[in-house]
Amino acid sequence: MNPWLSRLRRLGWRLRRRLPFPLKFTAREWRTLLERLPVVVYQALADEQGSTIFAAGAVEEVLGYTPLEWTARPGAWYEALHPDDRRRVMRRLRRMRADESTELVYRIRHRAGEWRWIRDTVTLFETARGRRYYLGVMTDITHERELEQATREIKVFLDELLRSGPWVLYRLEGPRQEVRYLSPNAEAVLGLAPAEVMGHTPEGLVERVHPEDRSLFRRHFALLRQVGKDQTRIRLEVRPREYRWMLMNAQRASSDPEVYLGYLMDIEEKARNEASLRRHIERQQALYELGNYAWESARPQGFFERAIETLDRVLHPEFIAVMEYLPAEQALEVRAAKRVPVGHRFGLFESQAGYTLRMNEPVVATDLGSEERFAVPEELVRMGVASTLSVPIPGEEGPYGVLGIGYPHRRSMDEVSVRFVQSVAQLMGQVLRYRKVLGDLEHKAYYDDLTGLPNRRALYRELSRVLSDPERSGIVAFLDLADFGEVNDIWGHEMGDQLLRRVGERLRAFDDRGVWSARWGGDEFVAILQGEEALQRLKSCMARLAEPIPLQGQRIQLGMRAGVVRFREHGSDTETLLRRADMALAVAKEQNRPIYVYEAGLQEQAARRRARVEALRRALLAGDEMFLFFQPIVHLREGHVTAAEALLRWRDPETGELVPPSEFIPLAERYGLGAALDRKVLELALETGVRWLELWGDAAPRLSVNASPESILEPRFFQELVALLRRFGYPADRLVLEITERVIADVERTQKPLERLRSLGLRVAVDDFGTGYSSLAYLAYLNVDVLKVDRAFIKDIGRNRRTEAVLRSIFALGDNLGLPVTAEGVERPEQLDWLRRAGCTSAQGYHVGRPMDARAFEAWWSQRG
């Protein structure tokens, strides 16, 4: 028989003696019992190491060894005991007497290495021969001990929470909601000793609640009775005159409808953070809205007023002032304000505003009464200003002025408020700079530099506005100075320019008579007069214009001629009226009449124009009537030719004379021949470009070709361009398409066509850049490669500082955007020198190189080496 089974049977025999009923097991039953025991049953010698001689049951689960492995090592149990428990366990075992039982709890190392908690029930037996041994049962209580430990830790944690946490637990009972429990930390969190409120109703605490929150406090407990739960926020006085935000949360107990459990939690820091976040969001939103308005505002004054509204809404100052620095007066003048007189001036050396301007940094004055850094104007004292903050408003070469806010009581300015006011001032500075640049460009776009009168573009805008009202009546008059050419021939162009300026002054003087005037070009002007007596007023004005003009010791008298059309009667759109007024002026010149009113017979001239258009159509089909001139574009810093602009010329086959491009190109665009003209130029240019590549290789200049609006917006143009490039084998990256700013500024229509063209590898140049007020806007959305500055800017170099300032702005803009800038119309060496110094990339014009045919260009190129 198995010796282990024999021992277990003897153990069973002893147990059977203690049972009130017989206990009999077969060997198989004993084996099954041993395999399924959830504990370890063992027999061990009562020696120094408690050597195990028998083990059965859950040995592997508890100890990690098989019974044979465990019993094969005499000191296995002793070695597995936790060192901290070994001495205590062995001492207890040595003190045991025969037939005595005890329960031990200790840790033992599992075979896997972790420690297991064991509850060991041990009985000491002694045989008749004096042999002593233990019979015991080991139970794994690791999980039980972990639960006990967790329970203890949770209890400690909860005790700590109740003692030092930011919340106070409470229990209300009965229909009156009397306080029956208040956690011990109530005094630390709420400033309330539990004894003060125990047995009282919440109404007794109302006086401690902030007056603005007492209705919420009462409502909270009313909702508990009605709904069974509620959560709200209140401010509670925890110390005299110190209120803190508390979160109140409670609900009815599920076990008793008249018991309510809840807590009050100190959320002061959270409330402050939330309030700070709300203020931050409010300020950022205010700045965002103000920034949007900055680009919509038509004038700086309007933006100043909106900025004052924003400051008033966000910071609530009693006094706000936007002040402009006046260098000549050494003072700052109020331009816009709240509770400060507009127009009032503060001295540069007698005020905080002046001190701020001189320091060019924010200045905070918490108490003006004790201020020693600067003098406090008596006006501020009389107004009751006690504390102030002032920041400089950036300008071009120094501060534009100062933005200031003030309060009627002493107040410290936190850093966030200072930064907010600074941000508003920065926006003001940006608006001023933007409006100046935009104003310069718009003035350049809509006003004539020589006379100061509105130009042709402004004329179209004004006439369209007038015609938009069908009830208005009046006339449009084309005006011409008779014999003006003789003034230029006799006294020179400078004298002629002075004469045009005087004429412009006289025309501006007619504004109060209801005469709107513009310079059309050269010695031609256009006047718009409204009302029934418009023609009579025109005659009166022409009489004044015909009076002698004193100039450089001379009295110059020029006759005036006018071609007149009437609104509605002779046309209802801008183009028609201007065209017919021009026709009428031509008749006035031919017949030497001061005024000629348009008549239907003038259509014959239109017929002649149509004949010219038909001749142009034939020329586009013919092979030899049209040819190209090329004008070089030179890099200013390196001196080499970067490109050649292809300029189309047309020789009239009947007269043999060249037809000016200014005549046939507008005709082509007006009558839908622009795309055909572009194809002709591209064919001729690419043919020449291929020859230049054969002659000069990569050193050959790029080709720059003008493209009409009609071509750019026509989908077929892209396909024709691809076909032409393939046909001639000309590299697309050597081709530059010049597109006028008027067309490219229409972002919505031109963005996709331009993207398709640039996908070929060619470059896009903005021609006549700066003549449209939208220049800055479209550059943010369209990918272009070159900016070509209109010749109208270049001719004023050395004569007009405002023009030079605009040019520098354009060059800086191109540099910031990574776009080279080409100046057109360079005709004098001093212009070229100025452009080189100002940072312009390239130049084009008669002084650089005149337009020439292909052979002449090749010879010119060869001479340059």
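As shown above, the structure is provided for reference.
These figures come from a predicted structure and were not determined experimentally.

1. Remarks on the overall build of the protein chain
Point 1. Secondary structure summary: the protein chain contains 32 helices and 33 strands in total.
Point 2. Counting only C-alpha atoms, the protein chain reaches 160 × 80 × 55 Å along its principal axes.
Point 3. Expressed as a percentage of the 865 residues in the protein chain, the buried residues total 47%.
Point 4. Nonlocal contacts in the protein chain, meaning residues at least 24 apart in sequence, comprise 58% of its contacts between residues at least 6 apart.
Point 5. Seen as two clouds, the 128 positive and the 126 negative side-chain charges of the protein chain have centres 9 Å apart.

2. Overview of the pairing of strand β4 (residues 115–126)
Point 1. By the bridge criterion, nine bridges tie strand β3 (residues 101–109) to β4 in an arrangement that is antiparallel. Looking at the pairing, threonine 102 lines up with valine 122 of β4.
Point 2. The antiparallel hairpin formed by β3 and β4 contains five residues in its connecting segment, where glycine 113 sits at a positive phi of about 110 degrees.
Point 3. Two elements, β4 and strand β5 (residues 132–140), share nine bridges in a ladder whose sense is antiparallel. Pairing of phenylalanine 125 across the sheet is with tyrosine 133, part of β5.
Point 4. The loop that links β4 with its antiparallel partner β5 comprises five residues; one of these, glycine 130, has a positive phi angle of about 90 degrees.

3. Topic: the pattern of salt bridges
Point 1. Overall, the coordinates contain 59 salt bridges when judged by the stated rule.
Point 2. Across the pair glutamate 100 and arginine 92 runs a salt bridge, and its minimum N-O distance is 3.1 Å.
Point 3. Judged by relative accessible area, which is 28%, arginine 92 ranks as partly exposed.
Point 4. The residue glutamate 178 makes a salt bridge to arginine 176 at a minimum N-O spacing of 2.6 Å.
Point 5. The class for glutamate 178 is buried, based on a relative accessible area of 17%.
Point 6. The structure contains a network of salt bridges with shared partners spanning Arg239, Glu242, Arg244 and Asp266.

4. Regarding the sheet that holds strand β1 (residues 40–45)
Point 1. Pairing within the open sheet is antiparallel, and its five strands lie in the order β2-β1-β5-β4-β3. Here the strands that pair on one side only, and so sit at the sheet edges, are β2 (52–57) and β3. For this sheet, the mean inter-axis angle between neighbouring strands, taken without regard to orientation, is 25 degrees.
Point 2. Where β1 lies against β5, six bridges are found, and the strand directions are antiparallel. Within the sheet, the bridge partner assigned to glutamine 43 lies in β5 and is leucine 135.

5. A word on the nonpolar core
Point 1. One finds Phe630, Leu721, Leu735, Leu757 and Leu835 to be the most contacted residues of the largest nonpolar core, which totals 79 residues.
Point 2. Every residue in contact with phenylalanine 630, bar those within four places of it in the chain, is listed here: Ala644, Glu645, Ala646, Thr688, Trp692, Leu703, Arg850, Pro851, Met852, Asp853, Ala854 and Phe857.

6. A word on the packing of helix α23 (residues 674–696) against helix α25 (residues 715–728)
Point 1. Relative to each other, α23 and α25 sit at 25 degrees, their axes nearing to 10 Å. Viewed along their axes, α23 and α25 adopt a mutual orientation that is roughly parallel. Between α23 and α25 the crossing geometry is right-handed. Contact residues: α23 offers Asp678, Arg679, Leu682, Glu683, Leu686, Glu687 and Val690, while α25 offers Phe717, Glu720, Leu721, Leu724, Leu725, Arg727 and Phe728.
Point 2. Tallied by class, residues from the contact of α23 with α25 come to eight nonpolar, no polar and six charged.

7. So, the environment of arginine 219
Point 1. Topologically, arginine 219 is positioned in helix α10 (residues 214–226).
Point 2. Residue class for arginine 219 comes out partly exposed when judged on its relative accessible area of 48%.
Point 3. Considered as a pair, arginine 219 and leucine 311 are 92 residues apart in the sequence and their alpha carbons are 37 Å apart.

8. Quick look at the packing of aromatic side chains
Point 1. Following the criterion strictly, the structure yields 18 aromatic pairs and no others.
Point 2. Judged by centre distance (6.3 Å) and plane angle (35 degrees), the rings of tyrosine 460 and tryptophan 520 are tilted. Here tryptophan 520 lies in strand β18 (residues 515–521) and tyrosine 460 lies in helix α16 (residues 456–467), a separation of 60 residues in the sequence.
Point 3. Residue tyrosine 460 is classed as partly exposed on the basis of its relative accessible area of 27%.
Point 4. Arranged with centres 4.8 Å apart and planes meeting at 20 degrees, the rings of tryptophan 692 and phenylalanine 857 form a pair that is stacked. Of this pair, tryptophan 692 sits in helix α23 while phenylalanine 857 sits in helix α32 (residues 854–864), placing them 165 residues apart in sequence.
Point 5. Linked through ring pairs, Phe630, Trp692, Trp696, Phe857, Trp860 and Trp861 together constitute an aromatic cluster.

9. Topic: the pairing of strand β7 (residues 178–182)
Point 1. Relative to β7, strand β6 (residues 167–173) runs antiparallel, the two sharing four bridges. For tyrosine 170, the partnering residue across the bridge sits in β7 and is leucine 182.
Point 2. Adjacent in sequence and paired antiparallel, β6 and β7 are bridged by four residues, among which glycine 174 carries a positive phi angle near 85 degrees.

10. Quick notes on the sheet that holds β18
Point 1. Strand order in the open sheet made by the five strands is β18-β19-β17-β22-β23, with mixed pairing throughout. Of all strands in the sheet, those with a lone pairing partner are β18 and β23 (595–597), marking the two edges. Each adjacent strand pair in this sheet contributes to an overall mean axis angle of 20 degrees, direction not counted.
Point 2. Pairing of strand β17 (residues 474–481) with strand β19 (residues 524–530) involves seven bridges; the strand directions are antiparallel. Within β19, the residue paired with isoleucine 475 across the bridge is leucine 529.
Point 3. Of the strands in this sheet, β17, β18, β19, β22 (560–566) and β23 touch helix α19 (residues 534–545), which is tilted by about 20 degrees from β17.

11. Points about helix α30 (residues 801–817)
Point 1. In a regular helix each residue adds 1.5 Å, so 17 residues correspond to 24 Å; α30 covers 24 Å between its end C-alpha atoms and thus fits that length.
Point 2. By the burial criterion, the buried members of α30 are Thr803, Glu804, Val806, Leu807, Ile810, Phe811 and Gly814. Seen along its axis, α30 keeps its buried residues to an arc of 160 degrees; they face one direction. Among the exposed residues of α30, those pointing more than 90 degrees away from its buried face are Arg801, Asp815 and Asn816.
Point 3. Looking at the buried positions of α30, the neighbouring elements they touch are α15 (415–446), β29 (763–769), β30 (786–789), α29 (791–794), β31 (821–823) and α31 (829–838).
Point 4. Residue asparagine 800 occupies the N-cap position of α30, its side-chain oxygen lying 2.9 Å from the main-chain nitrogen of arginine 802.
Point 5. Glycine 818 sits one or two positions beyond α30 and adopts a positive phi of about 75 degrees.

12. Considering helix α11 (residues 268–296)
Side chains that are three or four residues apart share a direction in an α-helix, a result of its 3.6 residues per turn.
Point 1. If you check α11, its first and last C-alpha atoms are 42 Å apart, about what 29 residues at 1.5 Å a residue would give, namely 42 Å.
Point 2. Every buried residue belonging to α11 is among Glu268, Ala271, Ala275, Arg283, Ala286, Leu287, Leu290, Gly291 and Ala294, and all of these are buried.
Point 3. The elements touched by buried residues of α11 are β9 (242–252), β10 (259–266), α12 (300–315) and α15.

13. Considerations on the packing of α11 against α12
Point 1. Where α11 meets α12, the axes come as close as 10 Å, and the angle between the chain directions of the two elements is 170 degrees. In terms of orientation, α11 and α12 fall into the roughly antiparallel class. Contacts between α11 and α12 pair Glu282, Arg283, Ala286, Glu289, Leu290, Tyr293 and Ala294 from the former with Gly302, Phe303, Arg306, Ala307, Thr310, Arg313, Val314 and Leu315 from the latter.
Point 2. Tallied by class, residues from the contact of α11 with α12 come to eight nonpolar, two polar and five charged.

14. Observations regarding unusual backbone geometry
Point 1. Positive phi is not limited to glycine here, since arginine 241 has a value of about 65 degrees.
Point 2. Position of arginine 241 among the secondary structure elements: in the loop between β8 (229–239) and β9.
Point 3. Accessibility expressed as a relative area gives 76% for arginine 241, which makes it exposed.
Point 4. Despite not being glycine, glutamine 330 has its phi angle at roughly 50 degrees, a positive value.

15. Looking at the side chain of threonine 310
Point 1. By the secondary structure assignment, threonine 310 is in helix α12.
Point 2. Once you skip the residues sitting within four places of it in the chain, threonine 310 turns out to touch Ala286, Leu290 and Phe420.

16. Some thoughts on the side chain of glutamate 645
Point 1. Relative to the elements of secondary structure, glutamate 645 occurs in strand β25 (residues 641–651).
Point 2. When sequence neighbours within four positions are dropped, the list of residues in contact with glutamate 645 reads Phe629, Phe630, Gln631, Ser704, Asn706, Glu738, Lys788, Glu824 and Gln844.

Reading guide: rules and limits
- Residues numbered from 1 in each chain as written.
- Predicted model: local features only at pLDDT ≥ 70, side-chain atom pairs only at ≥ 80, totals over all residues.
- Heavy atoms only, no water.
- Helix = DSSP H or I, 4+ residues; strand = E, 2+ residues; numbered from the N terminus.
- Buried < 20%, exposed > 50% of the residue type's maximum accessible area, 1.4 Å probe, protein only.
- Contact = heavy atoms within 4.5 Å.
- Lys, Arg positive; Asp, Glu negative; His and termini not counted.
- Charge placed at Lys NZ, Arg CZ, Asp CG, Glu CD.
- Pairing = 2+ DSSP bridges.
- Salt bridge = Lys/Arg side-chain N within 4 Å of Asp/Glu carboxyl O.
- Axes fitted to C-alpha atoms, helices over the stretch in contact; angles between N-to-C directions.
- Core = buried A, V, L, I, M, F, W, Y, C linked by side-chain atoms within 4.5 Å.
- Parallel < 35°, antiparallel > 145°, perpendicular 65-115°, else oblique.
- Left-handed = near helix turned anticlockwise from the far one by under 90°.
- Nonpolar A, V, L, I, M, F, W, Y, C, P; charged D, E, K, R; others polar.
- Phe/Tyr/Trp six-rings, centres within 6.5 Å; stacked < 30°, edge-to-face > 60°.
- Expected span 1.5 Å × (residues − 1).
- Arc of directions from axis to C-beta.
- Polar contact = N/O pair within 3.5 Å; in protein donor to acceptor, adjacent residues only side chain to side chain.

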